[in-house]
Every structure is written in structure tokens, then in C-alpha cells.
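Commentary on secondary and tertiary structure
If you want the building blocks of each chain, they are given just below.
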Amino acid sequence: MSIAKQILDLSEKYRDYTAENLSKLVKIYSLSMQEGDVAAELVRQMEEAGFDEVWTDPLGNVIGRIGNGKKVLAIDGHIDTVDLGNREDWDLEPLSGLIKDGYVHGRGTVDQKGGVAAFVTAGRIIKELGLDNDITLYCTGTIMEEDCDGLCWKYMVEENKIKPDYVIITEPTNTNIYRGHRGRMEIHAHFYGLSSHGSAPERGKNAIYMAARAALDIEKLNEDGLKDDDFLGKGSITLSEFVSNSPSLCAVSDYARIHCDRRLTVGETKESSVKEIEEIVKGMKAKVEVLHYEVESYTGLTYGMEKYYPTWAISESEEIVQTGA
Ligand SMILES: [Zn+2]
């Protein structure tokens, strides 16, 4: 019998086991920075499945290893979820983990605990069929992804020194294979005006007007100033926040700030995106800043990164894409 057929047969055999594991993960409320309980459950599941080694790193990521070979693979799924939202919008209890009509229900079943339950079963099957001779496989239940996508893997690569040759990310893609994604970054532009009495605005310089002009230029930039790519499409930028300040509500505003959500396509970088905004605010008393993220994980470790998540795209002919297809 071919290996593919054996894997399929075992996947079928472990269908309920996989569903039960997923249900247990879904029942545990696990917002970003609060993943301790779900991490402990995942450790238990990986140990039960027969992984060679299972541990939690200082940040709180769960890592299960199988094999010790030269080629290093990773399969990743984040174990945090977004919050439950409005309870009245749910037909079923969001944390029920209910298994019904061939589906597991609840927050996080798709994004991304389903991927996690699947790689636990994959580990079990790999051990059972003895497919772990030539590889080192890391299955990673990562944390804080919903709050700062990329931070967990920055830790994995830079602190844990795990540098896989190939990574499979189990983000939901309607069971299609995705081989790239637009990048993202968060940028602030600060505007410094000059306050004067509200009865004599001509004596001051209104920061709100400065920021408003820049905001409209950014709208134009999005319409026709950004790069396009055949595979990933256009880069984009939008404002998600406008903040202003003034010594008094009877005075000219002396400070304003806009928050830009920038999506990056192939050929767009942090430097090029910052330069675009700097070009727009040229001549104004303004400062452009890429934001920094830094918080305490559930283990108590504080860790951070710049909020710049580069574009990535791999060729259709890559071995991992073809193997998956
Ligand atoms: Zn996700």
C-alpha cells in the first residue's frame, strides 16, 4: 500500500480523535497573552500522541519535536483567538466545542485551533508509520498571533534558534495552498502646530489642518501611487485613527496624529513606505514613525518588535508548493 494511502486511512481512523482534541482546545478561552491553559492542554495532547519531545519556550510557545534528521520542517498554528464578540450573534455557545454533524463548533475552530489539532494527529501518524527518519519536524502552537502576527516566530528563530527549511502555516485558506501574503506595517505621522487664541486663528498654525491635508494626500496615494503585483495585487494604505489635541477647546489645535494601516505588495518595503509619507508631510513640522509592539506574555516575559511584517511570496515551482499540491 502506498504511503499516501496509509496516511489517508489513518487520518480517517483518527477522525474522531482529531475532533475530540480540537473540541478540548476550543473549550479553553485563550485570548492573546492568556494562552497558559490551552498551552498546557496542547502539551498533554502532543505527549499523548507520542512526540519525541514537547516543551514550552520562555515566551510560552508550545513546541513538539519529532525526529532528528537534517531537513527541518515546521508546521505552525497559533493557539490564541480573538474575543467572542456579541454573544447574541452566536447560534451556539462560542466555547462549547460542540461536535455535531461532522463539524466542531466554537471560537477558534477554524482560526487556528483546527490546524493545531490536525498537526497533533499528523505527528501521531508520522510516528506510527515511522516516517521520521530523515527529518526534524517541529509542530508549534504559537501565541499572541492575533495581537502581533510574527512576534512568536521572531522569538522562535532568534531566541530558540529554530530555523526550518520549510514551514507550513495552518491559517485557514479554504483548503487552498497559499504561497504568499501581502506585508503589513503600522505608521504614525505626528503633526506639531502652534496654538493661538481661538478668536485669532491666523496667529497660530492648526495641526488638525496639517494632518487633514496629509490625510487626503494619503487617500490619493492609495488610489494611484502604490505598486501592483500580478500575484499579490496592489499595495494599499488607509487611515485607521485621527487624534488631535489643543490647550483648550477655545484655541487652535497644536498637535495631531494619524495612524496609517499599510499593506505591502511585492517590491514595497519599510523604507519605501516611510519615504512616501515623509514626502507627503515635507515642509510641515511633522514626524513619521513605525510603531513598536511590546507586551508581557502569559509567562511574564516581555518581548517586542517593530510593527513591520514584510511581504512574502514563494514561487509556484518550489518543492514545498508542489509537494502540497
Ligand atoms: Zn489566524
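Reading the values: the criteria
Residues numbered from 1 in each chain as written. Predicted model: local features only at pLDDT ≥ 70, side-chain atom pairs only at ≥ 80, totals over all residues. Heavy atoms only, no water. Phe/Tyr/Trp six-rings, centres within 6.5 Å; stacked < 30°, edge-to-face > 60°. Helix = DSSP H or I, 4+ residues; strand = E, 2+ residues; numbered from the N terminus. Buried < 20%, exposed > 50% of the residue type's maximum accessible area, 1.4 Å probe, protein only. Lys NZ or Arg CZ within 6 Å of the ring centre and 35° of its normal. Polar contact = N/O pair within 3.5 Å; in protein donor to acceptor, adjacent residues only side chain to side chain. Contact = heavy atoms within 4.5 Å. Donors = N, O, S within 2.8 Å, 3.2 Å for Na, K, Ca; no water. Tetrahedral: all angles 85-135°; square planar, octahedral: opposite > 155°, others 65-115°. Core = buried A, V, L, I, M, F, W, Y, C linked by side-chain atoms within 4.5 Å. Salt bridge = Lys/Arg side-chain N within 4 Å of Asp/Glu carboxyl O.

**Concerning the packing of aromatic side chains**
As enumerated under the stated definition, the model contains four aromatic pairs in all. Aromatic side chains Y192 and Y255 sit 5.8 Å apart centroid to centroid with 45° between the ring planes, which places their arrangement in the tilted category. Taken as a pair, Y192 in strand β9 (residues 183-192) and Y255 in strand β11 (residues 255-264) lie far apart in primary sequence, 63 residues in all. Given a relative accessible area of 31%, Y192 falls into the partly exposed group. Looking at R124, its charged tip hangs above the ring of Y17, at a distance of 4.4 Å from the centre. Its end group placed over the ring of F231, R179 keeps NZ or CZ at 3.9 Å from the ring centre.

**Description of the side chain of H259**
Within the secondary structure, H259 sits in strand β11. In this structure the side chain of H259 is engaged in a polar contact, spanning 3.2 Å, whose partner is the side chain of E186. When near neighbours in sequence (up to four residues on either side) are disregarded, H259 contacts E186, I187, H188, T238, L239, S240, E241 and L291.

**Concerning the coordination of the zinc ion**
Here the zinc ion is held by H78 (NE2), D111 (OD), E171 (OE) and E171 (OE), and the distances to it run 1.9 to 2.6 Å. Classification of the site at the zinc ion as irregular follows from its four donor atoms and the range of 55 to 138° in their angles at the metal. One chain supplies every donor for the zinc ion, spaced along it as H-x32-D-x59-E. A residue pair is termed long-range when its members are at least 10 positions apart, and D111 in helix α4 (residues 109-129) and E171 in the loop between β7 (166-169) and β8 (180-181) qualify at 60 residues. Here D111 falls in the partly exposed class, since its relative accessible area comes to 28%. On the accessibility criterion, E171 (28% relative accessible area) is partly exposed.

**A short note on the nonpolar core**
If you look at the biggest cluster of nonpolar residues, it comprises 39 residues, and the most contacted ones within it are L42, M46, V62 and I79. For this core, the secondary-structure elements that each account for two or more residues are α2 (15-26), α3 (36-49), β2 (62-66), α4, β6 (135-142), α5 (151-158) and β14 (302-306). In this structure, M210, A211, L221 and V288 belong to the second largest nonpolar core, which totals 23 residues.

**Here's the deal with the pattern of salt bridges**
This model, assessed by the stated rule, comprises 22 salt bridges. Here E241 makes a salt bridge to R257, at a shortest N to O gap of 3.2 Å. Taken together, the residues span a long stretch of sequence, with E241 in strand β10 (residues 236-245) and R257 in strand β11 at a distance of 16 residues. With a relative accessible area of 37%, E241 lands in the partly exposed category. In this structure, the salt-bridge partner of R263 is D261, at a minimum N-O distance of 2.8 Å. For D261, a relative accessible area of 16% gives the class buried.

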